[in-house]
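Listed here are the chains, written in short residue letters.
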Amino acid sequence: MAKYLARIVISGAQSIGKALAKSVREEIEVYREAARVHAAQSATNFTPTKTDAALNGMTLEEAQLILNVKDVLDRAEVEQQYQHLFHINSKTAGGSFYLQSKIFRAKERIDQELKKVEALAKFQAKSE
């Protein structure tokens, strides 16, 4: 009798364990899919939000204004403006370290956005 009871308890525990593991795997997959969707939406939508500004410290619009670029996807223009503004604001040229840091952060923010766009392009290329 005790032998059968032990088998029932072990069998029940195994069933519960398998169900729990399966639900955790499904939850992880749902989370990953939601992250992929969010990344895809963020990469295609260039409208800054309060959340983006809070997380990144600077909105994409602010970065564009600081570097004086019209198209953030034009790497050459962004790099040219960054180099020019960074060098004229150096201490040796009589510039301000504060302005230099703002210029650096603006380029960093635009580079971050470009990485999102590239990741989305790779993701879309893989899915096709």
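Everything numeric in this text was worked out from a predicted model, so none of it was measured.

What counts, and where the lines are drawn
Residues numbered from 1 in each chain as written. Predicted model: local features only at pLDDT ≥ 70, side-chain atom pairs only at ≥ 80, totals over all residues. Heavy atoms only, no water. Helix = DSSP H or I, 4+ residues; strand = E, 2+ residues; numbered from the N terminus. Buried < 20%, exposed > 50% of the residue type's maximum accessible area, 1.4 Å probe, protein only. Axes fitted to C-alpha atoms, helices over the stretch in contact; angles between N-to-C directions. Parallel < 35°, antiparallel > 145°, perpendicular 65-115°, else oblique. Left-handed = near helix turned anticlockwise from the far one by under 90°. Contact = heavy atoms within 4.5 Å. Nonpolar A, V, L, I, M, F, W, Y, C, P; charged D, E, K, R; others polar. Core = buried A, V, L, I, M, F, W, Y, C linked by side-chain atoms within 4.5 Å. Expected span 1.5 Å × (residues − 1). Arc of directions from axis to C-beta. pLDDT = per-residue confidence, 0-100. Salt bridge = Lys/Arg side-chain N within 4 Å of Asp/Glu carboxyl O.

Positioned with a positive phi, N68 is a non-glycine residue whose angle comes to about 55 degrees. Mapping N68 onto the fold places it in the loop between α3 (60-67) and α4 (75-88). Assessed through its relative accessible area of 54%, N68 is described here as exposed.

Now for the packing of α3 against helix α5 (residues 97-127). One way to put it is that α3 packs onto α5 with a least axis distance of 9 Å and a crossing angle of 130 degrees. In terms of orientation, α3 lies oblique with respect to α5. Relative to α5, the crossing made by α3 is left-handed. Packed against α3, whose contacting residues are L60, A63, Q64, I66 and L67, the element α5 presents K102, I103, A106, K107, R109, I110 and E113 at the interface. Partitioning the contact of α3 with α5 into residue classes produces seven nonpolar, one polar and four charged.

Membership of the largest hydrophobic core comes to 13 residues, with the highest contact counts inside it found for A63, L67, V69, V78, I103, A106 and I110. Only α3, α4 and α5 provide two or more residues apiece to this core. Broken down by element, this core gets its largest block of residues, four residues, from α5. Ignoring anything within four residues of it in the chain, the contact list for L67 reads V78, Q81, Y82, L85, I103, A106, K107 and I110.

What follows covers α4. Residues spaced three or four apart along an α-helix point in a common direction, a consequence of the helix completing one turn every 3.6 residues. When the terminal C-alpha atoms of α4 are compared, their 20 Å separation across 14 residues agrees well with the 20 Å that a helix rising 1.5 Å per residue should span. Residues V78, Q81, Y82 and L85 constitute the buried set of α4. The buried residues of α4 occupy an angular sector of 105 degrees when the element is viewed end-on, so they sit on one face. Of the residues in α4, the exposed ones pointing more than 90 degrees away from the buried face are A76 and Q80. Those residues of α4 that are buried lie in contact with α3 and α5.

This paragraph deals with the confidence of the model for the protein. Predicted coordinates in areas of low pLDDT are best not read in detail. In this model, the protein carries a mean pLDDT of 84, and residues with pLDDT of at least 70 account for 88%. Per-element confidence in the protein ranges from a low mean pLDDT of 54 for helix α2 (residues 50-56) to a high of 93 for α4.

In this structure the tally under the stated criterion is seven salt bridges. The closest approach of N and O atoms between E29 and R36, which form a salt bridge, is 3.9 Å. The partly exposed category is assigned to E29, whose relative accessible area is 40%. For R36, a relative accessible area of 33% gives the class partly exposed. For E118, the salt bridge is made with R75, and the minimal N-O distance between the two is 2.3 Å. One end of the pair, E118, is in helix α5; the other, R75, is in helix α4, and 43 residues separate them in sequence. A relative accessible area of 45% places R75 in the partly exposed class. Three or more residues joined by partner-sharing salt bridges are found here, namely E29, E33 and R36.

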